[in-house]
Amino acid sequence: MASVDECRQALQDLAARLDRHAEAQERIDLDRTLACRITDLDTAFHGRIEGGRLVDLTDGDDPKAKIALSTTSDDLVALVHGQLDVMKAVGSRRVSIKANPFDLMKLRKLL
């Protein structure tokens, strides 16, 4: 099981990757709050996706987040490091993403 610090670092790594991607690609019109819930650690992080970037990442849940991702600590780390395909993880229910369908299509471009 990954630690809370490893999950926090994985999300910071994801934010850095999204920054690099946003600079190289066309701007993605997506401005939504995001909650990432780590089920096996009973903890959460939240932030905001703005223009394809993950910003204002901090500890704690946001129950009103427009996009909510739920997974285990190990699966989060594996997703961020490219060891777990997001579509397969969602299909096998290792990862749950709650968002409206249009946001899901835009998120897919980011991941």
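The name given to the protein chain in an unreviewed UniProt entry is SCP2 sterol-binding domain-containing protein, and the organism recorded there is Micromonospora halotolerans.

The α-helix winds at 3.6 residues per turn, so residues separated by three or four positions along the chain end up facing the same way. Taking burial as the measure, the 8 residues of helix H2 (residues 73-80) include 7 buried ones, the bulk of the element. If you check which residues of H2 are buried, you get Ser73, Asp75, Leu76, Val77, Ala78, Leu79 and Val80. One or two residues past the end of H2 sits Gly82, with phi positive at roughly 75°.

Here Arg17 shows up in helix H1 (residues 4-24). Considered as a pair, Arg17 and Val80 are 63 residues apart in the sequence and their alpha carbons are 9.4 Å apart.

Let's shift gears to the side chain of Asp75. You can see Asp75 is positioned in helix H2. Among the residues examined, Asp75 registers a relative accessible area of 9% and is labelled buried.

A separate point is helix H4 (residues 101-110). If you check which residues of H4 are buried, you get Asp103, Leu107 and Leu110. Summarising the axial view, the buried residues of H4 lie within an arc of 45°, below the 170-degree limit, and thus occupy one face. Counted as exposed and oriented over 90 degrees from the buried face of H4: Pro101, Phe102, Met105, Arg108 and Lys109. You can read the cap of H4 off the contacts: a side-chain oxygen lies 2.9 Å from the backbone nitrogen of Phe102, and it is on Asn100.

Formed by 27 residues in total, the largest nonpolar core has its most connected members in Ile49, Leu54, Leu76 and Leu110. Only H1, strand E1 (31-38), strand E2 (43-50), strand E4 (67-71), H2 and H4 provide two or more residues apiece to this core. The greatest single-element share of this core, amounting to 6 residues, is contributed by H1. In this view, Leu110 contacts Leu18, Ile28, Leu30, Ile49 and Gly52; residues no more than four positions away in its chain are not counted.

The next point concerns unusual backbone geometry. One non-glycine residue with positive phi stands out, namely Asp56, at about 55°. Locating Asp56 in the fold gives a position in strand E3 (residues 53-59). Asp56 gets classed as exposed once you look at its relative accessible area, which sits at 60%. Although it is not a glycine, Arg93 adopts a positive phi angle of roughly 65°. Mapped onto the secondary structure, Arg93 falls in the loop between helix H3 (86-91) and strand E5 (95-98). With a relative accessible area of 75%, Arg93 lands in the exposed category.

So, how was this worked out
Residues numbered from 1 in each chain as written. Predicted model: local features only at pLDDT ≥ 70, side-chain atom pairs only at ≥ 80, totals over all residues. Heavy atoms only, no water. Buried < 20%, exposed > 50% of the residue type's maximum accessible area, 1.4 Å probe, protein only. Helix = DSSP H or I, 4+ residues; strand = E, 2+ residues; numbered from the N terminus. Arc of directions from axis to C-beta. Polar contact = N/O pair within 3.5 Å; in protein donor to acceptor, adjacent residues only side chain to side chain. Core = buried A, V, L, I, M, F, W, Y, C linked by side-chain atoms within 4.5 Å. Contact = heavy atoms within 4.5 Å.

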